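What follows is the residue order along each chain.
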Amino acid sequence: MMSTFQFSDCTLVVFAKAPELGKVKTRLQPYLPAPFSLELHCELVDYVLSQWTASRLCSINLWLAGNQEKFLERLPQWRPLVCYKQQGADLGERMYYAVKQTLSKTESAILVGTDCPFIDEGYLLKACTALKKFDVVIGPATDGGYVLLGLKQAHTSLFENIQWGESSVFEETVNQIKRLGLNYSVLPELSDIDRPEDLQSLQQISNLKRFSAL
C-alpha cells in the first residue's frame, strides 16, 4: 500500500506528559493555578497534534510520561495514535531511547514536545526537508533550549551530560553535534510555553488566546 505521508521515511516522535493535576506546567505555578495549568496542558497537546496530523507530512508516534489511560481518558480523540511509554532515568535517556527505537524502523526521526504551539505545518516541512540534506536539524527555543531535534542516527552524546531545563541546552547540543563532525541545519527560533512570561505569546493563536489573559 502506498504511504499517504509526504515524507514516508520520517517519523515525528512526540513527547508528552499524561494530564495529571499538579504534575504538568509546574513552572507556571503558582502564577497559574493547577487546574488552569492542567487545562492549558491539554489544550496545547490537542492543538499541536491536530496541526501535525492534518499536515500529513509524516507519521506520528506518541511517547508518554505518566499514566497512559489518564491521557486517553482526557484526550480520547488521540487514541488512534501509536503510543509508547517513555523509558529512562532522565529526559536525555528517555529521548535517546525513543529516537533509537524509532530509527530502527524508519530512516529519520524528528523529536518534539507539546509545549510549542508555533511548530506549524510550515516549520515541520522545513525540518523534514532539511533532513534530506543534513545529518541533524535543530530548532532553537527562546529560553536557550530547543523545540525540535531531527536525526538520522541515534547519537548517544547528544543526550548525555546536557543540563536539561537550563538556558545552555541548545548551545551544549550544537557543540556535541560539531564534535561528532555532523552537518546540521538550524531552524528559526520559537517560544516554548513554560514560564508565566511565555503566556503573552499565546495572543497569536486564537484557540489558545484566552490563556494569555490569565
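Above: the structure in question.
Note on numbering: residues in each chain are counted from 1, in written sequence order. Reporting of local features is limited, given that this is a predicted model, to residues whose pLDDT is at least 70; pairs of side-chain atoms are given and counted only at 80 or more, and all residues count toward the totals for whole chains, interfaces and linings. The basis for the side-chain values is all heavy atoms of the structure; hydrogens and waters are excluded.

A. The arrangement of the overall build of the protein chain in detail. Numbered from the N terminus, helices here are DSSP runs of H or I no shorter than four residues, and strands are runs of E no shorter than two. Secondary structure assignment for the protein chain yields 5 helices and 7 strands. The order of helices and strands in the protein chain, counted from the N terminus, is β-α-β-α-β-α-β-α-β-β-α-β. Against the globule reference of 17 Å for 214 residues, the protein chain gives a C-alpha radius of gyration of 16 Å, in line with a compact fold. When the backbone C-alpha atoms are referred to their principal axes, the protein chain occupies close to 45 × 45 × 35 Å. Working definition: with a 1.4 Å probe on protein chains only, accessible area under 20% of the residue-type maximum means buried, over 50% means exposed, and in between means partly exposed. Taking all 214 residues of the protein chain together, the buried fraction comes to 48%. Pairs of residues are marked as contacts when any of their non-hydrogen atoms sit within 4.5 Å. Within the protein chain, contacts between residues separated by at least 24 positions form 67% of all contacts whose residues are at least 6 apart in sequence. The reference for a compact globule is 2.2 Å times residues^0.38; the radius of gyration itself is calculated from the C-alpha atoms.

B. Structural context of the side chain of S37. Secondary-structure assignment places S37 in helix α1 (residues 34-55). In the analysis that follows, any N or O atom pair within 3.5 Å is treated as a polar contact, provided that within protein one partner can donate a hydrogen and the other can accept it, and provided that, for residues neighboring in sequence, both atoms belong to side chains. Among the polar contacts listed, one links the side chain of S37 to the backbone oxygen of L32, at a separation of 3.2 Å. The contact partners of S37, leaving out residues within four places of it in the chain, are V24, K25, L28, Q29 and L32.

C. Structural view of the pattern of salt bridges. Between Lys or Arg on one side and Asp or Glu on the other, a salt bridge is scored when a side-chain nitrogen of the former is within 4 Å of a carboxyl oxygen of the latter. In this structure the tally under the stated criterion is 9 salt bridges. Residues K25 and D194 are paired through a salt bridge, measuring 3.7 Å at the closest nitrogen-oxygen approach. Residue K25 is found in the loop between β1 (10-17) and α1, and its partner D194 is found in the segment after β7 (184-186); the two are separated by 169 residues along the sequence. D194 matches K25 in its accessibility class, with the two residues each being buried. For R27, the salt bridge is made with D194, and the minimal N-O distance between the two is 3.4 Å. Here R27, found in the loop between β1 and α1, pairs with D194, found in the segment after β7; they are 167 residues apart in sequence, far enough to count as distant. Look at R27 and you get partly exposed, because its relative accessible area is 47%.

D. How the structure looks around the side chain of H155. Inspection of the secondary structure puts H155 in the loop between β6 (146-151) and α5 (169-179). The contact partners of H155, leaving out residues within four places of it in the chain, are Y96, L180 and L182.

E. The arrangement of the packing of aromatic side chains in detail. The pairing test for Phe, Tyr and Trp rings, Trp by its six-membered ring, is centres within 6.5 Å, and the orientation test on the planes gives stacked under 30 degrees, edge-to-face over 60, and tilted for anything in between. Throughout the structure, instances matching the rule amount to 3 aromatic pairs. Between W63 and Y84, the aromatic rings sit 4.7 Å apart at their centres with planes inclined by 25°, giving stacked as the arrangement. Placement of the pair is W63 in strand β2 (residues 59-65) and Y84 in strand β3 (residues 82-85), with a sequence separation of 21 residues. Among the residues examined, W63 registers a relative accessible area of 3% and is labelled buried. According to the relative accessible area criterion, Y84 is partly exposed, its value standing at 25%. Between W63 and Y97 the ring centres are 6.0 Å apart and the planes differ by 80°, which places this aromatic pair in the edge-to-face class. Within this pair, whereas W63 is found in strand β2, its partner Y97 is found in helix α3 (residues 91-103), the two being separated by 34 residues in sequence.

F. Inspection of the sheet that holds β6 at higher detail. Two strands form a pair only when DSSP identifies at least two bridges running between them. Strand order in this open sheet of 7 strands is β3-β2-β1-β4-β6-β5-β7, and the pairing throughout is mixed. The outermost strands of the open sheet, each flanked by one partner alone, are β3 and β7. Neighbour-to-neighbour, the strand axes of the sheet open up by a mean angle of 20°, direction not taken into account. Where strand β4 (residues 108-112) meets β6, 4 bridges bridge the pair, whose relative direction is antiparallel. Residue I110 lies in a different strand from β6, and its bridge partner there is G150. Along the sheet face, α3 touches β1, β2, β4 and β6 and points at about 150° away from the line of β1. Between N-to-C directions, angles span 0 to 180 degrees; the directions come from axes that are lines fitted to C-alpha atoms, helices contributing only their stretch in contact. Taken strand by strand, helix α4 (residues 121-130) contacts β1, β4, β5 (136-140), β6 and β7, and its axis lies near 155° from that of β5.

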